[in-house]
Amino acid sequence: MKLKEINRTAIQSWSPAQHHPIYLATGTSAQQLDASFSTNASLEFFELDLTEPSLDMKSCGSLSSSHRYHKLVWGPYGMDGQGHPSGVLIAGGENGNVILYDSAKIMAGETDVIIAESDKHTGPVRALDVNPFQTNLVASGGNESEIYIWDMNNFGSPMTPGPKTQVPVEDISCVSWNRQVQHILASASPSGRASVWDLRKNDLIIKVSDHSNRMHCSGLAWNPEVATQLVLSSEDDRMPVIQMWDLRFATSPFKILENHTRGVLAIAWSLADPELLLSCGKDNRILCWNPNTAEVLYELPTSNQWCFDIQWCPRNPAVLSAASFDGHINVHSIMGGSNQAQSQRHADQISNSFGNMDPFGTGQTLPPLQLPQTPAPPATVNPLKKPPKWIRRPVGASFAFGGKLVSLENPKPNPQQPQQPASHVVHVSQVVTETAFLKRSDQLQATLSAGSFVDFCQGKIDAAENEFEKTLWLILKVISEAAVRHYIFICSKCFLLNNLMKYVDGLITQALLTGDFEGAVELCLHDNRMADSIILAIAGGVELLQKTQKKYFTKTHSKITKLISAVVMKDWHDILKTCDLQNWKEALAAVMTYAQPEEFSALCDLLGGRLEAAEDAQLQAQACLCYICAGNVEKLVSCWTRAQDGHCPLSLQDLVEKVVVLRRAVEQTQRSGPTAIGILLAEKMSQYANLLASQGSLSTAITYLPDNTNQVPHLDSAHVLYSYPPGAGGASIYQPLQYSSAAAPPAEPPGFLSQYTQPASPVYPGQPPISQCLSSSPSHPPFFPTASSSFSAPPSSGASFQHGGPGSPVSYMPLPPPSGFSGTQLIPPLQSIPAEKIMKKPIPDEHLVLKTTFEGLIQKCLAVATDPQTKRKLDDANKRLEALYDKLREQTLSPAIVGGLHNIARSIEARSYTEGLSIHTHIVSNSNFSETSAFMPVLKVVLTQANRLGV
């Protein structure tokens, strides 16, 4: 695309790459005349401003000259503080002149602009080049095989690269410094011969020439990257080619670029991209080649005149300039675009030519030029066929699912074999940012696999950083250790009483909370609390009441009257609703002692709700303990989420550890199977699985995904994890525990810390001795002190010791079992309430075949499956396919999905399960995930199992 235009018949040179802004220097061309046949000559400087939409270039300075020029070269000599801020412009004149101009002075309008001048050459100087490594060195070529090396620090004494051995003597048309080796110089003559000089030896090292004798050399350029390769262009119409030579095999060119139909006048090799080579010829064409493949990548739109000089802009590699014999220098971009600015310029030129005059004698001035509102679309110039090197991405990286980092780089081509494409390497690495989180997750996974929850809890107790965390894990350890309700109740109660209770009335409260009525009455009498002793005596029986009535009239009010009332009246809801939350531990202990099994969980939830609603942050955190006692995983998650930083991986790990241990403990003690997970727990488990997946732990992440995919619609990576083959991550944490017949614990109702039951002969593998939590054996009720003094050893069964005054040993009273308790009594589990029957619409007849086919396949698989895990998967799949049948009843599926399902059914009838899985993949990848997530993963499980079982 044309960017700018200069109306000059001139040769040109761009400012060095170090210079900003970009300038284009022009000099009146020798042996050419413009349309006015003027014999004047000048040097001019134009600024390239690509922000200006017009085609004109701003003139920044000019100098009238007595010379016309064959060649201009603008070098950076002096720009590094040696007095020439804009570098030096070197000109080759028609009378053997080599002139050095100070570019900055010309643009400043000064007159003393010539730095040095020499007319040592014989005839015109047609070849100039600046050494890219030592910018003070300039090579020039003239007639009679003259080549001089000029040092701008000592311009008066040029050197020659070697002796004049060329026979016959001929003109030098091109000189060029090697772009990799600073002491190598090449020269070429119109006869087609090229010579390579070594300036360290001052000698000619090689000559190359075409044997056809039709190669009239018009251009010479070195490969910017491969030191031994150069190109020569021919201006002979009989041989309009560009030859590529490698000096290591200089017997013939190793590649020939043929696309011009007439002679090539000039070439230019891009220093920014060695795969871009410009050429212009007598066929009015400007071509951009890939010299490695001999392919034409781009052709610039040109006029009907030859271009005799073409150059790349050193600073902006996408810009080039072309000087033509029609008196124009055009600036182009190889990146494509439109010619709208050029069309506007032509319209402006016509308008300016007529002005407001009356050209047709009508006596009226012309109105302003009005362009059409809907002009014809401007012609678009296509860019290069491939991106140039300077805009190619040198490196790249992208994160992928599962914490993978994919990186790439573009390697440099092999200089020895540039025509062969370089191999590209893509690196895939695992990025782990949360090492501590992954380590703890692995520990939890190992605990789940081994079932060593007690050791896990003990490790958490040892590592606890605060008392609350230690208390919480102690409770979880007690729950995990217990296999029967008796052990859970006794251990938990002892722990709470011995570790949580401290204040003034501790001994009385301790006796009450353990059901020791007689001990409580004795303490009340000793402390002169007559009203309390009377009320407790009524609850304790006739004999106890008679003992306490004698001192009733000395009754006094106490702080625990309300607690006494609750014990007698069994109204724990009122206690938990009105008690001081600072005494929440005592309230929880009381509920654990007296609450009925069917109300225990609700009471713990009630207390936890009050603690969670308190303004004190410490009390809010204690609500977690109540929810653990209730076995309410969902509320535990909700409470923990509000109290902790939900965005911290280690905080999420803390929550998952507690939830997993609690769920396993509830399953083990209640033997109720895996409980359904709520929305909040599903969200946290999905978040945990996503975090594991992002750290590369995919197999572990799969085990934490909820079975119901509708609970995690927001999880970006859920559909990826659900697409993994069943069993890829091992057993799900939501699968029920497996028991042997000898070790199976008895069934328990919800609220597993409520009133205990005691089996006759408890036998549980791995059960620790009960003496770890109690001071008495499992077959006897626990004993508690009757006064606030030091503990002594418990007596044998049935014995009791009386308090003998201050300093005497404390007496122990046996704690009777609850009323109506027998040694072998077990509380039956709660009966589930039957669900309300819902009438569903029938499946349309045309889709009924889907239901019969899928259900029939599941039944076939169940008939041959042998392992329980596979049968559970198939049973679950049969239930979850109801989501598909519901959508068929409501006719909410798109026709594409329904058609795909029918194709799967046909593949099942043909027993082509592999084809069915392929159709399944096509449906999932081309449909909305929310529309198919409820049933497509399940259908994949069925097809996979059918294929594995070979039904």
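Along each chain, the written sequence defines residue order, and numbers are assigned to residues from 1. The model is predicted, so local features are restricted to residues of pLDDT at least 70 and side-chain atom pairs to those at 80 or more, both for listing and for counting; the totals for chains, interfaces and linings are taken over all residues. No hydrogens and no water enter the side-chain calculation; it runs on all heavy atoms of the structure.

Only DSSP runs of H or I with at least four residues qualify as helices, and only runs of E with at least two residues qualify as strands; both kinds are numbered from the N terminus onward. Along its length, the protein chain carries 27 helices and 35 strands. Relative accessibility under 20% of the residue-type maximum defines a buried residue, over 50% an exposed one, and the middle range a partly exposed one, all with a 1.4 Å probe and only protein chains included. Residue burial in the protein chain is summarised as follows: out of 951 residues, 49% are buried. The contact criterion used is simple: two residues touch if any of their non-hydrogen atoms lie within 4.5 Å. For the protein chain, long-range pairs separated by at least 24 residues make up 58% of all intrachain contacts whose partners lie at least 6 apart in sequence. Here the open area of atoms and residues is found with the Shrake-Rupley method and a 1.4 Å probe, where only the protein chains shown may cover a residue. With the model as given, the accessible surface of the protein chain reaches about 45500 Å², and the carbon-plus-sulfur share is 52%.

Turning to the sheet that holds strand 21 (residues 255–257), a few remarks are in order. Strand order in the open sheet made by the four strands is 18-19-20-21, with antiparallel pairing throughout. Edge positions in the open sheet fall to strand 18 (217–222) and strand 21, since each of these has one partner strand only. Within the sheet, the average angular offset between the axes of one strand and its neighbour, ignoring direction, is 20°. Think of it this way: DSSP has to see at least two bridges between two strands before they count as a pair. Taken together, the five bridges between strand 19 (residues 229–234) and strand 20 (residues 242–246) define a ladder with antiparallel strand orientation. Paired with S233 across the strands is I242, a residue of strand 20. To get an axis, fit a line to the C-alpha atoms, keeping to the stretch in contact for a helix; angles then go from 0 to 180 degrees between the N-to-C directions.

Another aspect to go through is the sheet that holds strand 3 (residues 23–28). The strand order across the open sheet formed by four strands is 2-3-4-5, and the pairing between neighbours is antiparallel. Of all the strands in the sheet, just strand 2 (10–14) and strand 5 (58–65) have a single pairing partner and so form its edges. Neighbouring strand axes in the sheet, compared pairwise and without regard to direction, differ in orientation by 20° on average. As paired elements, strand 4 (residues 41–47) and strand 5 share seven bridges and run antiparallel to each other. Looking at strand 5, one finds that F45 is bridged to G61.

Sequence positions flagged by UniProt for "repeat: WD" (unreviewed entry) are, in local numbering, residues 118–154 and 257–299. Annotation note: span residues 118–154, helix share 0%, strand share 43%, distance between end C-alpha atoms 12 Å. UniProt positions are given in the numbering used here, feature names are shortened, and annotations may be inferred rather than shown by experiment.

By the burial criterion, the buried members of helix 23 (residues 882–890) are L884, Y885, L888 and R889. On an axial view of helix 23, the arc spanned by its buried residues comes to 140°, and they lie on one face. In this structure, the buried residues of helix 23 make contact with helix 21 (848–864), helix 22 (868–880) and helix 24 (895–909). Note on helix 23: the residue one or two positions beyond its end, Q891, has a positive phi of about 55°. When we speak of the arc, we mean the arc of directions from the helix axis to the C-beta atoms.

With that settled, consider the side chain of Q12. Take Q12: it is sitting in strand 2. Sequence-distant contacts of Q12, defined by excluding residues within four places in its chain, comprise L24, A25, T26, L72, D309, I310, Q311, S321, A322, A323 and I329.

Right, let's get into the packing of aromatic side chains. Two aromatic rings, drawn from Phe, Tyr or Trp (for Trp, its six-membered ring), form a pair once their centres lie within 6.5 Å of each other, and the interplanar angle then sorts them: stacked below 30 degrees, edge-to-face above 60, tilted otherwise. This structure, assessed with the given rule, holds nine aromatic pairs. Between F45 and W74, the ring centres sit 5.3 Å apart and the planes meet at 80°, which makes this aromatic pair edge-to-face. You can see F45 sitting in strand 4 and its partner W74 sitting in strand 6 (residues 69–75), a full 29 residues away along the chain. Side by side, F45 and W74 carry an identical accessibility label, which is buried. Seen from their ring centres, F437 and Y688 are 5.5 Å apart, and the 80° between their planes marks the pair as edge-to-face. Here Y688 lies in helix 18 (residues 679–694) and F437 lies in helix 3 (residues 435–450), a separation of 251 residues in the sequence. Summarising the burial analysis for this pair, F437 and Y688 share the class buried. Each residue in the set Y148, W150 and F155 is aromatic and connected to the rest through ring pairs, giving one cluster. When the ring centre of Y885 is taken as reference, the NZ or CZ atom of K851 above it lies at 5.3 Å. Placement of a charge over a ring requires the Lys NZ or Arg CZ to be within 6 Å of the ring centre, with the centre-to-atom vector within 35 degrees of the ring normal.

Take the environment of T160 next. Among the secondary structure elements, T160 is positioned in the loop between strand 13 (154–159) and strand 14 (174–177). Placed 14 residues apart in sequence, T160 and E146 show a C-alpha to C-alpha distance of 8.2 Å. Sequence-distant contacts of T160, defined by excluding residues within four places in its chain, comprise I147, Y148 and N202.

Our focus in this paragraph is unusual backbone geometry. A cis amide bond, omega 5°, links H20 with the succeeding residue P21. By the secondary structure assignment, P21 is in the loop between strand 2 and strand 3. The phi dihedral of N202 is positive, around 50°, even though this residue is not glycine. In the Ramachandran plot, R911 falls in the positive-phi region, its phi being about 60° despite a non-glycine side chain. With respect to the helices and strands, R911 occurs in the loop between helix 24 and helix 25 (913–925).

All right, on to the pairing of strand 4 then. Taking burial as the measure, the seven residues of strand 4 include five buried ones, the bulk of the element. As paired strands, strand 3 and strand 4 are joined by five bridges and run antiparallel to one another. Residue pairing for strand 4: A25 is matched across the bridge by F45.

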